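Residue-level structure breakdown
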Amino acid sequence: MPLEQSEAIVLRSFIVGEQDKIVVLFSRDKGIIRGVAKGARKFGSRFGSSLEPLSLVKVFYYEKERKDLVTVSNCDLVESFFEIQNDLQTSFTLSYFAELIEEFSPIRAKDDTLYRLLISILNSLKGGGDLNFLTRYFEAWLLKIEGVLPELNKCKKCRKILTDSCWLSPKKDGVFCNHCASQKKEEIKPELGSFVQWIKKNTPPKKGPLPFSTLELENIKKILQDIIIFHLEKKPKTLRYLK
Ligand SMILES: [Zn+2]
């Protein structure tokens, strides 16, 4: 059993038995890893605070044949994001990100773009970035990385370039122009297309004025979350705590 190591973000951890913890990690090299940290609940355990949610760690672990859980032997804290989690809404939002990653990203599949997205969002939040804006940034990129963000600038049927409002297809895999839409249930305002173009060209912003208004961000949020819920076939548990 060789000792493996990877840089990882702790998505969540929970108590199991008297002294152990199960930890769900999002690793740079292998995507989601679930492991058991023996003795993690003991006073003065070698894990310290490294298993707290959203810690950036260097994890050392053993794989066991035919076992779903790895054995975490050590976990060194590289960077903590504890201080931004003192704000309750930020803390809830980070649990929402963690839930989405765990739901969308398959077990043991490297997802380097998503990993780098999470790290850069955490750094922007640490630098004073706007929580609402960065949440939309995360949602839109997550959908794009997972290949389920619909093409927004062209009508799915007639391929006309869209400049005005259009309509989300029932399967959320494209948009229809006014002429082609058979169901006009979910209107897509032009700001969603502009937002997607913007995030492709810009890194997550820290301080400073935002390029989209609160009302525009509210419209963007509704559509992005509808697409997320459609693909998960359920509402993320953590979403109800978000404003
Ligand atoms: Zn059309």
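Residues numbered from 1 in each chain as written. Predicted model: local features only at pLDDT ≥ 70, side-chain atom pairs only at ≥ 80, totals over all residues. Heavy atoms only, no water.

1. Some words on the overall build of the chain
Formally: A run of H or I in DSSP counts as a helix once it spans at least four residues, and a run of E counts as a strand once it spans at least two, with each numbered from the N terminus. Buried residues are those whose accessible area, probed at 1.4 Å on protein chains only, stays under 20% of the maximum for their type, while exposed residues exceed 50% and partly exposed ones sit between those limits. Charged residues are defined here as Lys and Arg on the positive side and Asp and Glu on the negative side; His and the ends of the chain fall outside this count. Note on charges: their place is set at NZ of Lys, CZ of Arg, CG of Asp or CD of Glu.
Scanning the chain from terminus to terminus reveals 5 helices and 8 strands. For the chain, the succession of helices and strands along the chain, N to C, is β-β-β-β-β-α-α-α-β-β-β-α-α. Structurally, the chain occupies a C-alpha span of about 65 × 40 × 30 Å along its principal axes. Taking all 243 residues of the chain together, 48% fall into the buried category. Of note, the chain has its 40 positive side-chain charges centred 2 Å away from the centre of its 31 negative side-chain charges.

2. Comments concerning the sheet that holds strand β5 (residues 70-79)
Heads up, the condition is: Two strands pair if DSSP finds at least two bridges between them. To get an axis, fit a line to the C-alpha atoms, keeping to the stretch in contact for a helix; angles then go from 0 to 180 degrees between the N-to-C directions. Residue contacts are defined here by distance: any two heavy atoms, one from each residue, within 4.5 Å place the two residues in contact.
Around the barrel, which closes on itself, the 5 strands sit in the order β1-β2-β3-β5-β4 with mixed pairing between neighbours. Across the sheet, the axes of successive neighbouring strands diverge by a mean angle of 50 degrees, strand direction being ignored. Most of the contacts of helix α1 (residues 88-104) go to strand β1 (residues 3-16), to which it runs at about 115 degrees, and overall it touches β1, β2 (20-27) and β3 (31-37). Strands in contact with helix α2 (residues 112-126) are β1, β2, β4 (56-62) and β5; relative to β1, the strand with the most contacts, it is inclined by about 65 degrees.

3. Quick word on the domain arrangement of the chain
How big an interface is tends to be stated in terms of accessible area lost as the parts join. Let me state the cut-off plainly: For the domain bounds, the source is a domain assignment made automatically or taken from a database. Buried area: the accessible surface (1.4 Å probe) lost by two parts on joining, summed over both. Salt bridge, as applied in this entry: a Lys or Arg side-chain nitrogen positioned within 4 Å of an Asp or Glu carboxyl oxygen.
For the chain, the assigned domains read domain 1 (3-79) and domain 2 (86-241). Placing a centre on the C-alpha atoms of domain 1 and another on those of domain 2 gives a separation of 29 Å. Of the residues lining the interface, 22 residues belong to domain 1; the matching set on domain 2 comes to 20 residues. Interface area lost by domain 1 to domain 2 is led by F26, R28 and I32, which between them contribute 36%. On inspection of domain 1 and its partner domain 2, the count reaches 5 salt bridges.

4. Things to note about the packing of aromatic side chains
As a reminder of what qualifies: The criterion for an aromatic pair is that two Phe, Tyr or Trp rings (for Trp, the six-membered ring) have centres within 6.5 Å, with stacked assigned to planes under 30 degrees apart, edge-to-face to planes over 60 apart and tilted to the rest. To sit over a ring, a charge needs its Lys NZ or Arg CZ within 6 Å of the ring centre and within 35 degrees of the ring normal.
Counted under the stated rule, the structure contains 8 aromatic pairs. With a centroid separation of 4.1 Å and an interplanar angle of 25 degrees, the aromatic rings of F97 and F138 are classed as stacked. With F97 in helix α1 and F138 in helix α3 (residues 131-145), the pair connects residues that are 41 residues apart, well separated along the chain. As far as the burial class goes, F97 and F138 line up, both buried. Stacked on the ring of F81, the Lys or Arg K126 has its end atom at 4.7 Å from the ring centre.

5. Brief notes about the coordination of the zinc ion
Note the cut-off: Here a donor is an N, O or S atom found within 2.8 Å of the metal, or within 3.2 Å if the metal is Na, K or Ca; sites may look incomplete because water is not among the atoms.
Looking at the zinc ion, the protein donor atoms are C155 (SG), C158 (SG), C177 (SG) and C180 (SG), and they sit 2.3 Å from it. In this structure C158 comes out as partly exposed when scored by relative accessible area, which is 41%.

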